[in-house]
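Here's the letter readout for the chains.
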Amino acid sequence: MNNKLRVAIVGSTGYGGVELIRFFQNHPQVEITSVISSSSSGESIADGFPHLTDVIRRPLDGVDPAEIASRADLVFTATPSGVSAKLVPSLLEAGLKVIDLSGDFRLKDGSVYEQWYKHPAPSAELLEKAVYGMAEVYGDEVKGKDFISNPGCYPTATLLGLIPAVEAGWIDPSTIIIDAKSGVSGAGRGTSLTNHYAEMNENFKAYKLNKHQHIPEIEQVLGNITGSPVTVTFTTQLVPMTRGIMSTMYAKLTGEHSDQEIVDLYRKYYENRSFVRVREPGIWPSTKEVSGSNYCDIGFSVDPRTGRLTIISVIDNLVKGASGQAIQNMNLMMGWEENLGLNMTPVYP
Ligand SMILES: NC(=O)C1=CN([C@@H]2O[C@H](COP(=O)(O)OP(=O)(O)OC[C@H]3O[C@@H](n4cnc5c(N)ncnc54)[C@H](OP(=O)(O)O)[C@@H]3O)[C@@H](O)[C@H]2O)C=CC1
Ligand SMILES: CC(=O)N[C@@H](CCC(=O)OP(=O)(O)O)C(=O)O
């Protein structure tokens, strides 16, 4: 008898969706029983993604919560913000466990969501119910739960880089500046002028300055840790590469600490966690060193002249920033080892 967890993917024809499919090929406890599309049901996913030829043989299903519940136990919603907010309530009502990859359920205050996302917020009850699945920080809260809101890509790189120092009180949260860069797959598969090859190749551009929807997510988590409101300066930039996020953070140190002390603090914080790798002093990570993997690599530099700490944190936006982290959350929900199916060595070079 097959005792595998039956999994469905809504938004399977997007970048997050196909990344889930790639990782599930190596997961011993999961069977994909439905790949779902709102626009191409009945077609083969390999029509749009020839790299999935012979990987997924069943045709795409439509978006019907009752039908999904008859085929699967758990559903990933890799759908745009606004879509997840409308769809997830019916999936939960149908009795499915849900892991949502969008930003729709991350912010606990609906009015803050509406201010930054410009869509009607989900109900207060569902915002309360959604567990923010940053496994390294809130893993215990994820265990055994039915509904997880997967963190954003930039917040994942940024928060994993900041939290140990903020929690220890070693940096002043009011001085945090975050300079973040992303590859273009962060914007999804839909084409736009901004992501057009001729616009992005050999180019480097800032966008959504002081207006990015991930600002309140970062501030919500840091505020919960410090116990008082935190505001951050957050700049996002597109770089001409496919995958990867580098988040570079600057903050004032509250006391004197060496690079080695910072490294020791972070190694202690992430002790026994599979996916955060803390670099030796003077060795800083690059995006290629995590590409295709669920790792977040972090490096530091203390500047005794300015009293500031620089933190560099890198992830693959589609893996640790989206689908890999979502699978890590699924593993924790199900009471499995968090790294099940995720032990992928980065693709290098
Ligand atoms: N790309 C990234 O690095 C990250 C993305 N995210 C978030 O994850 C989610 C998915 O992102 P990504 O895969 O990049 O996005 P894509 O744009 O690549 O894919 C989104 C998919 O959603 C499906 N979709 C669109 N409208 C509907 C609808 N009304 N009902 C059901 N499905 C619909 C589409 O497929 P179809 O038309 O076949 O239904 C589409 O393929 C987004 O919320 C994104 O913000 C989070 C972290 C990182
Ligand atoms: C490069 C790029 O465009 N990235 C996207 C990330 C969007 C995303 O992941 O959105 P949610 O997490 O809010 O769902 C952006 O900056 O808006």
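Residues numbered from 1 in each chain as written. Chains lettered and ligands numbered in written order. Predicted model: local features only at pLDDT ≥ 70, side-chain atom pairs only at ≥ 80, totals over all residues. Heavy atoms only, no water.

Within an unreviewed UniProt entry, the label attached to the protein reads N-acetyl-gamma-glutamyl-phosphate reductase, and the organism entered is Paenibacillus cucumis. Quoted verbatim from the Pathway (unreviewed entry) heading of the UniProt record, the comment on the protein is "Amino-acid biosynthesis; L-arginine biosynthesis; N(2)-acetyl-L-ornithine from L-glutamate: step 3/4." Looking at the Function (unreviewed entry) heading of the UniProt record, one finds this comment for the protein: "Catalyzes the NADPH-dependent reduction of N-acetyl-5-glutamyl phosphate to yield N-acetyl-L-glutamate 5-semialdehyde." (UniProt positions renumbered as here; feature names shortened; annotations may be inferred.)

**Some remarks on helix 7 (residues 135-142)**
Within helix 7, burial applies to Ala-135, Glu-136, Tyr-138, Gly-139 and Val-142. Along the axis of helix 7, the buried positions cluster into a sector of 160°, meaning they face one direction only. Directly beyond the C-terminal end of helix 7, a positive phi value near 80° is found at Gly-144. (Buried < 20%, exposed > 50% of the residue type's maximum accessible area, 1.4 Å probe, protein only. Helix = DSSP H or I, 4+ residues; strand = E, 2+ residues; numbered from the N terminus. Arc of directions from axis to C-beta.)

**Some details on the sheet that holds strand 13 (residues 308-315)**
Within the open sheet, the seven strands sit side by side as 8-9-7-10-13-12-11. Their pairing is mixed. Pairing within the sheet leaves two strands with one partner each, and these edge strands are strand 8 (205-207) and strand 11 (276-278). Across the sheet, the mean angle from the axis of one strand to that of its neighbour is 25°, orientation sign disregarded. Bridge analysis of strand 12 (residues 296-303) against strand 13 gives seven bridges, and the strand direction is antiparallel. Note that in strand 13 the partner of Asp-303 across the bridge is Arg-308. Against the sheet, helix 11 (residues 259-269) contacts strand 11, strand 12 and strand 13, and its axis sits at roughly 150° relative to strand 12. (Pairing = 2+ DSSP bridges. Axes fitted to C-alpha atoms, helices over the stretch in contact; angles between N-to-C directions. Contact = heavy atoms within 4.5 Å.)

**Points about the site of ligand 1**
Ligand 1 sits among 26 residues. The nearest are Thr-13, Ser-37, Ser-38, Ser-39 and Thr-79. With respect to ligand 1, the side chain of Asn-317 contributes an N or O atom lying 2.9 Å from an oxygen atom. Alone, ligand 1 offers 880 Å² of accessible surface; in the complex the protein occludes 79% of this. At the level of secondary structure, the elements contributing two or more residues to the shell around ligand 1 comprise helix 1 (15-24) and helix 12 (319-333). (Near = heavy atom within 4 Å. Polar contact = N/O pair within 3.5 Å; in protein donor to acceptor, adjacent residues only side chain to side chain. Areas by Shrake-Rupley, 256 points an atom, 1.4 Å probe, with all protein chains shown as cover.)

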